[in-house]
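# Reading the structure
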Amino acid sequence: MVKIKRKSILRTLLCAVFALCFAVGLSSLFASGTTAYAATTPKYTVKFNWSTKTTTGTGGGTGGNTASGSGVSYSMQTGQYSFADYSVSLYGSSSSGTGTFESGSYIGSNSVNVIINSKVKIPTTISGNGTTVAKGNNNSFSLSNLADGTYTVTSSFSAGWATSPRSGIGKSYSFTFQFKVDSTAPTMNNVSTSSTGKYTNSSTYVYASDSMSGVDAIYMKTPGSSSYGNMGTSTTVSSSGMNGLYSFYAKDKAGNTSRTYFLYLDTVKPTGTIKNSNGAEITGSYTNQAFSYSATDSGSGISYLQYKKPGSSSWLTYTSGTSISASAASGTYQFRSVDKAGNISATKSITLDSSKPTGELYDGNGNLASGGKTKAKYIKYVCSDGESKIESVYVKKPQKTYYESYVSGSELSEDGTYYFYCKDVAGNSSVTLNATLVTTPPTLSCLETSFYSVSKTGFTVSAADSIGSAKLYYKTPSNAEFLPANAASFVADYHSENGKYYFYAVDELNNRSETVWIELAIVYPDPRLVYRDEDNAVSVTWTDGISATLNGEPYEKGTWITAEGGYEVIVTNAYGLQTKTSFSITHRFKIIERKA
């Protein structure tokens, strides 16, 4: 009996050692080449901790020995010659493949199946988060809706008189391991769940958070790429990187995969445009028409628009395309746009100037009213604009039919009427002003003769001015002073007295001509009648004449006229002046003798 007992004890010890070594070997094998983390839950072989204890038997056997270790299987002595293996399987609501589960590791499922693999039923308790979630000796536990946390599985088995009934030595076994439930996917920071992404224009640090198993890795897909890359547990999207939409997801160590997160990098500023009412871009800095502002952005898109009114320091909200009328307050309007990434466009400015520029006329003596005349040395035009600035100045000179460029303030000295106007850079034109420069005195003219000469036929003297009217003054041979003519001309004819006539003229601006004279010396024909002594014959003679008529018929100087009757002789001189003489021939008696 003793010999048999020793063999039985030895066999039991050998089995125990073998089981321990087998468990350690499996543990080493799985620890070096198998991971407990997977996206889907395999059916794990669990590595557990075990401990044994022998109790002093009633038959005099000595107990009190203890042992402990860990492994994936343990052979229990359940009787003098009987043994039972203990192992554990663990999987989630579904399983895929196999693996080894280290005690204390995470399982990514809130539905967990714990299977005690033993031919004997082992009382088992599963507790976690401060409560017992399962208890029994049915060796199979299906747990569902487990909260995230740590769960402890403890199996206890006692075999009375395990070595032999005679010795009374018993065996007790305890098996325990822990698993942690992590069914919550990690979350990511500094990114957005929106498919358009979190907009940024600066370098952005992206990382994941997981309160249970911890982050295993984050994965990033760059703009335009079709695949994700492992970025470790964090990454930084640099502001110098490629603009566009970045995609991310994270995995925790329990195999949970987060949803997809997005980040939109946009470092390009939006572009704004100021347009007129016809939709054409205004390229200048000034306008006198209605205008509006709009903006475009090639990246994240426009978030909002702003503008400043003239004289204001505050940016106000502006609706794209809203027209600002030409009658709005004059001054500078500023616009800018902000995209969704926070990029601010360059400020666009436009100055509204609906007021006309103004001009002033000057001559050598000072200010000159429009429409006025001056005999100063020059005329000039000076213009100004209150809001914008003068772009161009124009003048139409005397004797010209077109306007030409003019430099404001330039002196012009040609006689005549000038027309001026100017335009500002906003397109406003001033009122047209005009003024007349008259520095040349009026002129005197005589068609019949020249001045400072003698006229034997009469003359007409006229006064004229190149611009405006002229007043003629005259003095006759018998006048001591000059008198104003009733008209612009003075006529001296054969009725006028002979002698020197003096003339001058004055225009509207008192420009006076030189004084001139013409001497009038009218000489008329002087027909004289000659009577013949021996009869009643008459002849006509003259000293200033070139032709004559007698009763309308040509008459030769000195021809005797003998027939009785009435006669009219007209003598004409070289200047066309005529003298008329009438006479008659009657019966004539010659006195021979007189007697009382």
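Here's a quick rundown of the structure. Small disclaimer: the values here were computed from a predicted structure and weren't measured.

Turning next to the overall build of the protein. A tally of helices and strands in the protein yields one helix and 51 strands. The globule rule puts the C-alpha radius of gyration for 596 residues at 25 Å, and the 68 Å found for the protein is more than 25% above it. By the burial criterion, 41% of the 596 residues in the protein qualify as buried. Restricting to contacts in the protein with at least 6 residues of sequence separation, those with at least 24 account for 59%. As presented, the protein carries roughly 30,700 Å² of accessible surface, and 48% of it is formed by carbon and sulfur atoms. Positive and negative side-chain charges in the protein, numbering 49 and 41 respectively, have mean positions lying 36 Å apart.

Before going further, it helps to examine the environment of Tyr86. Within the secondary structure, Tyr86 sits in strand E5 (residues 83–91). Measuring from C-alpha to C-alpha, the distance between Tyr86 and Lys119 comes to 8.3 Å, with 33 residues separating the pair along the chain. Contact partners of Tyr86, with chain neighbours within four places excluded, come to Phe48, Val72, Ser73, Tyr74, Met76, Ile116, Asn117, Ile122, Ser155 and Phe175. At a separation of 2.7 Å, a polar atom in the side chain of Tyr86 contacts the side chain of Ser155.

Bringing the packing of aromatic side chains into the picture now. All chains considered together, the criterion is met by 37 aromatic pairs. An angle of 40° between the planes, with centres 6.4 Å apart, marks the rings of Phe177 and Phe179 as tilted. Of the two residues, Phe177 and Phe179, both sit in the buried class. Three or more aromatic residues joined by ring pairs make a cluster, and in this case those are Phe48, Trp50, Tyr74, Tyr86, Phe157, Tyr173 and Phe175. Over the ring of Tyr419 we find Lys396, and its NZ or CZ is 4.8 Å from the ring centre. Above the ring of Tyr504, the side-chain terminus of Arg512 is found at 3.5 Å from the ring centroid.

This paragraph deals with the pattern of salt bridges. Applying the stated criterion across every chain yields a total of seven salt bridges. Arg532 is the partner of Glu534 in a salt bridge, and the nearest nitrogen-oxygen pair spans 3.6 Å. Linking Asp535 and Arg532 is a salt bridge whose minimum nitrogen-to-oxygen distance equals 2.5 Å. For Asp535, a relative accessible area of 24% gives the class partly exposed.

Moving on: the sheet that holds strand E33 (residues 390–396). Pairing is mixed across the open sheet formed by five strands, whose spatial order is E31-E36-E35-E33-E34. Here the strands that pair on one side only, and so sit at the sheet edges, are strand E31 (372–374) and strand E34 (404–405). Of the strand pairs in this sheet, E31 and strand E36 (residues 433–437) are connected by three bridges, and their pairing is parallel. Residue pairing in the sheet places Thr374 in a bridge with Leu437 of E36.

This part takes up the nonpolar core. If you look at the biggest cluster of nonpolar residues, it comprises 31 residues, and the most contacted ones within it are Met76, Leu90, Val114 and Phe179. At the level of secondary structure, the elements contributing two or more residues to this core comprise strand E1 (43–46), strand E2 (48–55), strand E4 (74–77), E5, strand E8 (112–117), strand E11 (140–143), strand E12 (149–159) and strand E13 (170–181). Leu90 has contacts with Pro42, Lys43, Tyr44, Val46, Phe101, Ile107, Val112, Asn113, Val114 and Phe179, leaving out every residue within four places of it along the chain. Counting residues in hydrophobic clusters, the runner-up holds 20 residues, among them Cys446, Val461, Ala463 and Phe490.

In this section: the sheet that holds strand E18 (residues 229–230). Strand pairing in a sheet relies on backbone hydrogen bonds, with the paired strands running either antiparallel or parallel. If you trace the five strands from one edge of the open sheet to the other, you get E15-E21-E20-E17-E18, paired in mixed fashion. Each edge of the open sheet carries a strand with a single partner, namely strand E15 (198–200) and E18. One ladder, built from two bridges, connects strand E17 (residues 215–221) with E18; its direction is antiparallel. When the bridges of E18 are listed, Tyr219 appears paired with Asn230.

Attention now moves to the environment of Phe177. As for its position among the elements, Phe177 is in strand E13. Once residues within four sequence positions are removed from consideration, Phe177 is found in contact with Val46, Lys47, Phe48, Val88, Ser103, Val114, Tyr151, Thr152 and Val153.

The next point concerns the side chain of Asn573. Of note, Asn573 is situated in the loop between strand E50 (565–572) and strand E51 (578–585). A polar contact of 2.6 Å, which involves the side chain of Asn573, links it to the backbone oxygen of Val523.

Calculation criteria
- Chains are numbered independently. Their residues run from 1 in the order of the written sequence.
- Whole-chain, interface and lining totals are the exception, using all residues; otherwise, since this is a predicted model, local features are given only for residues with pLDDT of at least 70 and side-chain atom pairs are given and counted only at 80 or more.
- The basis for every side-chain value is the complete set of non-hydrogen atoms in the structure, without hydrogens or water.
- The numbering of helices and of strands both runs from the N terminus, where a helix is a DSSP run of H or I of at least 4 residues and a strand a run of E of at least 2.
- The globule rule used for comparison is 2.2 Å times the number of residues to the exponent 0.38, while the radius of gyration itself is calculated over C-alpha atoms.
- The cut-offs for exposure are 20% and 50% of the maximum accessible area for each residue type, with area from a 1.4 Å probe on protein chains only; residues under the lower value are buried, those over the upper are exposed, and the others partly exposed.
- Whether two residues are in contact is decided by their heavy atoms: any pair within 4.5 Å suffices.
- Only the protein chains shown count as cover for residues, and all accessible areas are computed by the Shrake-Rupley method using a 1.4 Å probe.
- Asp and Glu count as negative and Lys and Arg as positive, but His and the ends of the chain are not part of the count.
- We put the charge of a Lys on NZ, of an Arg on CZ, of an Asp on CG and of a Glu on CD.
- Pairs of N or O atoms are called polar contacts if they sit within 3.5 Å, as long as, within protein, a hydrogen donor faces a hydrogen acceptor (for residues adjacent in sequence, only side-chain-to-side-chain pairs).
- Stacked, tilted and edge-to-face are the three classes assigned to paired rings of Phe, Tyr and Trp, where Trp is represented by its six-membered ring and a pair needs centres within 6.5 Å; plane angles under 30 degrees give stacked, over 60 edge-to-face, the rest tilted.
- A ring has a charge above it when a Lys NZ or an Arg CZ is no more than 6 Å from the ring centre and no more than 35 degrees off the ring normal.
- By salt bridge we mean one thing: a side-chain nitrogen of Lys or Arg within 4 Å of a carboxyl oxygen of Asp or Glu.
- Following DSSP output, two strands are said to pair if at least two bridges run between them.
- The definition of a nonpolar core used throughout is a set of buried Ala, Val, Leu, Ile, Met, Phe, Trp, Tyr and Cys residues joined through side-chain atoms within 4.5 Å.

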